[in-house]
Amino acid sequence: MENIYVRHLELLGYEKRFFPSQHYVYMLMVKWSDLSEKLIYRTYPEIHTFHKSLKDMFPIESGQIEKRDRIIPSLPAPRWLWESEKSRETTKSTLAEYCQKVISLPPHISRCKHLSSFFKVRPEDENPPAPNTSILVFDFSEISAPIILDTYRVIADFEKSTKYEITLHTGDLVEIVEKNENGWWFCQYESKRGWIPASYLEPLDGPDEAEDVEPNYEGDEHITIQAYKAEQDDEISLEVGETVEVIHKLLDGWWVVRKGDETGYFPSLFLSKAGKRERLNPGGQKPPPRRSTIRNAKSIHNKSRQRLSQETYRRNSRRYFQQKGSRLSEPQRNSKNAAKSPLKERKNQDNIPEMSGTSSESELKKEAPVIPPRPSPELILERCTDNTCKKVSIHKSPSSSSS
């Protein structure tokens, strides 16, 4: 199977963050060869470090041996002093040009493993800081190729509670810039941009996309990074540091988790994947409201999202574990036969009967073909040739005379 590679790279803008200290990250839309598109965040020093390592990997193409052979674009070193607004715009323009040139390099460079690894999605890309710890700055004027954004419809009035959110009304059509797993989506409406809960939005061409996401009853292990007390009957209360299994991920940011025999909805904002670097605690950020709590929601679709009940999740989980247990015990019951089967197959190919054990003898008896009854002498003579019949008659006459 061919490894996927970056086929297109676009700089969307930059974002000002305040944790752990004030800094800027650049937003890059990465389009891969498998037609997937991912939004990632990288600082300028990170990109410059990648640039230096790329030059070390390809000394000829970077002009380290002969300057005339250089094809890898240059990238200025980062300024460690405070940047002005004008210098940031210059840096952004330089970085946008660098990204286009890097992807246009020959395949042995633009499709190398080092480049693909750097632009691969990281956990912090999928879970960026809360809206109240960052400011987004977009600039679409530098993008040469058009960006096609998904259009969604607002199903109920939403009043912003922070300056980073956006006030919208029922029926407004918005374009989605970023879909975040925690249920907060960044959208633009006319000249306004801001965050809105995904539960307030619906696609134009059918019911919510969450219907297409199949539950995974094997479970994906996560750890709770913030406590939550259930407010609805189908939710689950958990403390910090508990290990749970996520069995259904929904786009509105409320996932179905399993803790022992108990299942329920839990905000994905308070979960971190087990075995990976723990995300920063979102602190004061609240999970988005659930669709069931929105008043006066008006959908344009006759069919709404069909939510599974918690009893269905529990029943399917038990059925999965029962089937998994039977699959594990089946090889143990047939381990002896399974161990003999390759040898038995090779023996049967050479028509060599098995000689050991009563079980193998019984198998041979079962597998032996049925012997047809012996035909009568008259039937044999009737089907024989004339020459054979003469020989049989000659042998018969002396025996009859002797008698």
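Computed from a prediction, not measured in an experiment: that's the story for all the values here.

Visitor: Any chance you could explain the overall build of the protein here in plain terms?
Guide: Broken down by element type, the protein carries 10 helices and 14 strands. Within the span of the protein, comprising 403 residues, buried residues form 38% of the whole. In the protein, the share of contacts with a sequence separation of at least 24, taken over all contacts with a separation of at least 6, comes to 60%. For the protein, the exposed area adds up to about 24,900 Å²; of that, 52% sits on carbon and sulfur atoms.

Visitor: Explanation requested: the sheet that holds strand E11 (residues 243-248) in the structure shown.
Guide: Strands in a sheet are paired, the pairing made by backbone hydrogen bonds, and the direction either parallel or antiparallel. An order of E13-E12-E11-E10-E14 is seen for the five strands of this open sheet, with the pairing classed as antiparallel. The open sheet has two edge strands with one neighbour each: strand E13 (262-267) and strand E14 (271-273). Mean inter-strand twist for the sheet, computed between neighbouring axes without regard to direction, equals 45 degrees. Where E11 meets strand E12 (residues 254-259), three bridges bridge the pair, whose relative direction is antiparallel. By the bridge assignment, Glu245 is partnered in E12 with Arg258.

Visitor: Explain the nonpolar core here, please?
Guide: In a soluble, globular protein the nonpolar side chains are often hidden away together inside. Counting residues in each nonpolar core, the largest one holds 29 residues, and the members touching the most others are Leu54, Leu95, Tyr98, Leu115 and Phe119. Only strand E1 (6-17), strand E2 (23-32), helix H1 (44-57), helix H2 (85-103) and helix H4 (113-118) provide two or more residues apiece to this core. At six residues, H2 tops the list of elements feeding residues into this core. Setting aside chain neighbours within four positions, we find Leu54 in contact with Ile72, Tyr98, Ile109, Cys112 and His114. Counting residues in hydrophobic clusters, the runner-up holds 23 residues, among them Ile155, Phe186, Trp195 and Ile294.

Visitor: How should the packing of aromatic side chains be read in this particular structure?
Guide: The relation between two aromatic rings is expressed through the spacing of the ring centres and the mutual angle of the planes. One pass over the full model with this rule turns up 13 aromatic pairs. Arranged with centres 5.6 Å apart and planes meeting at 70 degrees, the rings of Tyr14 and Tyr24 form a pair that is edge-to-face. Residue Tyr14 is found in strand E1, and its partner Tyr24 is found in strand E2; the two are separated by 10 residues along the sequence. Tyr24 gets classed as buried once you look at its relative accessible area, which sits at 16%. When the ring of Phe50 is compared with that of Phe118, the centres are 4.6 Å apart and the planes differ by 10 degrees; the resulting orientation is stacked. Of this pair, Phe50 sits in helix H1 while Phe118 sits in helix H4, and the two are 68 residues apart along the sequence. With a relative accessible area of 10%, Phe118 lands in the buried category. Through a chain of ring-to-ring contacts, three or more aromatic side chains come together here, namely Tyr228, Trp254, Phe266 and Phe270. Above the plane of the ring of Tyr5 lies Arg111, whose end atom (NZ or CZ) is 3.8 Å from the centre.

Definitions and cut-offs
Residues numbered from 1 in each chain as written. Predicted model: local features only at pLDDT ≥ 70, side-chain atom pairs only at ≥ 80, totals over all residues. Heavy atoms only, no water. Helix = DSSP H or I, 4+ residues; strand = E, 2+ residues; numbered from the N terminus. Buried < 20%, exposed > 50% of the residue type's maximum accessible area, 1.4 Å probe, protein only. Contact = heavy atoms within 4.5 Å. Areas by Shrake-Rupley, 256 points an atom, 1.4 Å probe, with all protein chains shown as cover. Pairing = 2+ DSSP bridges. Axes fitted to C-alpha atoms, helices over the stretch in contact; angles between N-to-C directions. Core = buried A, V, L, I, M, F, W, Y, C linked by side-chain atoms within 4.5 Å. Phe/Tyr/Trp six-rings, centres within 6.5 Å; stacked < 30°, edge-to-face > 60°. Lys NZ or Arg CZ within 6 Å of the ring centre and 35° of its normal.

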